[in-house]
Structure formats: C-alpha cells, structure tokens
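For reference, the chains in residue letters:
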Amino acid sequence: MRIALIGCGRIGRVHAESIALHPKAELVRVCDPVEAAAREVAERFGGVPGREVDPVLADPDVDAVVIASPTPTHVDLLTHAVTAGKAVMCEKPIDLDLAQVDACRARIGDAASRVMVGFNRRFDPSFRAVRRRFAAGWSSW
C-alpha cells in the first residue's frame, strides 16, 4: 500500500516510522506546511516532501492518507481525501465539535467505510482492564 502522510509533527513522525517499518507499506509522500519538517521526515522515512495537500490527494500513486495534522484541519482534510478516493486513517479527534463530526460523516456518506480513526489507547491493556471493570459495575472497583 502506498501511503501519504499529512502532518509531520510528533505523532506524524510516529506514523511515518510505522509505515516505513511495515513490509507491505511504502511512504510515498510527506506533507507539512513547514517545509523543513516535511523534508526531514521524507529524508528519514521516505517519500516526496511537500507543503501543499492538493498534489498529494491528486496523486494516483497514493492509495491511502494518514492525517496527523492539528485537530482543526481534520474535517477538511478527511473530507477531501475521501472525495479523492483515498483510504484515510485520521488521528483523533476528528473535531472538537460533535456537530462538525456529524456534518463530515454526512458529507462523506457511504465512503465512511474507507475511514479509520486512530485511537491508540483502544488496545492498551491497562485501558482495556479499566473498561472491563467499569462494564462489570462499580462494585468491582
């Protein structure tokens, strides 16, 4: 799978490394408004660096997009990426306003099946244990 990364901050670098380490994934594009950040991530993990999102989403060599940019950009980037026919993994949260999330879901419609929201704690053993105890009722605390 050929993947583009949008956002080269702390979490973007984590995703870039994960993509680079996966034997069936290739980081083909790296995008950040800070050109030096995009260049640094591309040099370390692969991909063509750039500042602009439109060329990334228009690239037929990009199968999927990881959105690791600041939260206020998620809805717009997610909507455009899905509209461009890309699979999307978007960092949490999609937005801080639930109405914006609902509107995004309505705009992308059936294409929502191509979207995954990153929530790393979902599989954390300690978080799962707390959830299990909570689901069993307060008496087990």
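Relevant structure appears above.
Residues numbered from 1 in each chain as written. Predicted model: local features only at pLDDT ≥ 70, side-chain atom pairs only at ≥ 80, totals over all residues. Heavy atoms only, no water.

Focus: the pairing of strand E2 (residues 26-31)
Two faces, one strand: in a regular strand the side chains alternate between the faces of the sheet.
Then, number 1: Note: strand E1 (residues 2-6) against E2, five bridges, orientation parallel. Pairing of Ala4 across the sheet is with Arg29, part of E2.
Then, number 2: As for the winding sense of the linkage, the β-α-β connection from E1 through helix H1 (residues 10-21) to E2 is right-handed.
Then, number 3: Alignment of E2 against strand E3 (residues 48-50), held across three bridges, turns out to be parallel. Considered in E3, the bridge of Val30 is made with Pro49.
Then, number 4: Crossover E2 to E3 through helix H2 (residues 35-45) is right-handed. (Pairing = 2+ DSSP bridges. Helix = DSSP H or I, 4+ residues; strand = E, 2+ residues; numbered from the N terminus. Right-handed = clockwise from strand over helix to strand, strands pointing away.)

Brief notes about the packing of helix H4 (residues 74-83) against helix H5 (residues 98-108)
Then, number 1: Here H4 crosses H5 at 10°, and the two axes come no closer than 10 Å. Overall, the two elements H4 and H5 adopt an arrangement that is roughly parallel. Residue-level contacts link Val75, Leu78, Thr79 and Val82 of H4 to Gln100, Cys104, Arg107 and Ile108 of H5.
Then, number 2: Split into classes, the residues belonging to the contact of H4 with H5 amount to five nonpolar, two polar and one charged. (Axes fitted to C-alpha atoms, helices over the stretch in contact; angles between N-to-C directions. Parallel < 35°, antiparallel > 145°, perpendicular 65-115°, else oblique. Contact = heavy atoms within 4.5 Å. Nonpolar A, V, L, I, M, F, W, Y, C, P; charged D, E, K, R; others polar.)

Quick look at the pattern of salt bridges
Pairing is possible between side chains that carry opposite charge, provided their charged atoms lie close to one another.
Then, number 1: Under the counting rule described, the total for this entry stands at five salt bridges.
Then, number 2: In this structure, the salt-bridge partner of Arg39 is Glu35, at a minimum N-O distance of 3.7 Å. Here the residue Arg39 and the residue Glu35 both occupy positions in helix H2, the gap between them amounting to four residues, near one helical turn.
Then, number 3: When its relative accessible area of 39% is taken as the criterion, Arg39 is described as partly exposed.
Then, number 4: According to the relative accessible area criterion, Glu35 is partly exposed, its value standing at 46%. (Salt bridge = Lys/Arg side-chain N within 4 Å of Asp/Glu carboxyl O. Buried < 20%, exposed > 50% of the residue type's maximum accessible area, 1.4 Å probe, protein only.)

Description of the nonpolar core
Then, number 1: Val65, Ile67, Leu78, Val82 and Val88 are the most contacted members of the largest nonpolar core, which totals 21 residues.
Then, number 2: Elements that contribute at least two residues to this core include exactly E1, E2, helix H3 (53-58), strand E4 (64-67), H4, strand E5 (87-91) and H5.
Then, number 3: A total of five residues in this core trace back to one element, the largest contributor, which is H4.
Then, number 4: If you look at the next biggest cluster of nonpolar residues, it comprises 16 residues, including Leu5, Cys8, Ala42 and Phe45. (Core = buried A, V, L, I, M, F, W, Y, C linked by side-chain atoms within 4.5 Å.)

By themselves, these observations are geometric and do not establish any function.
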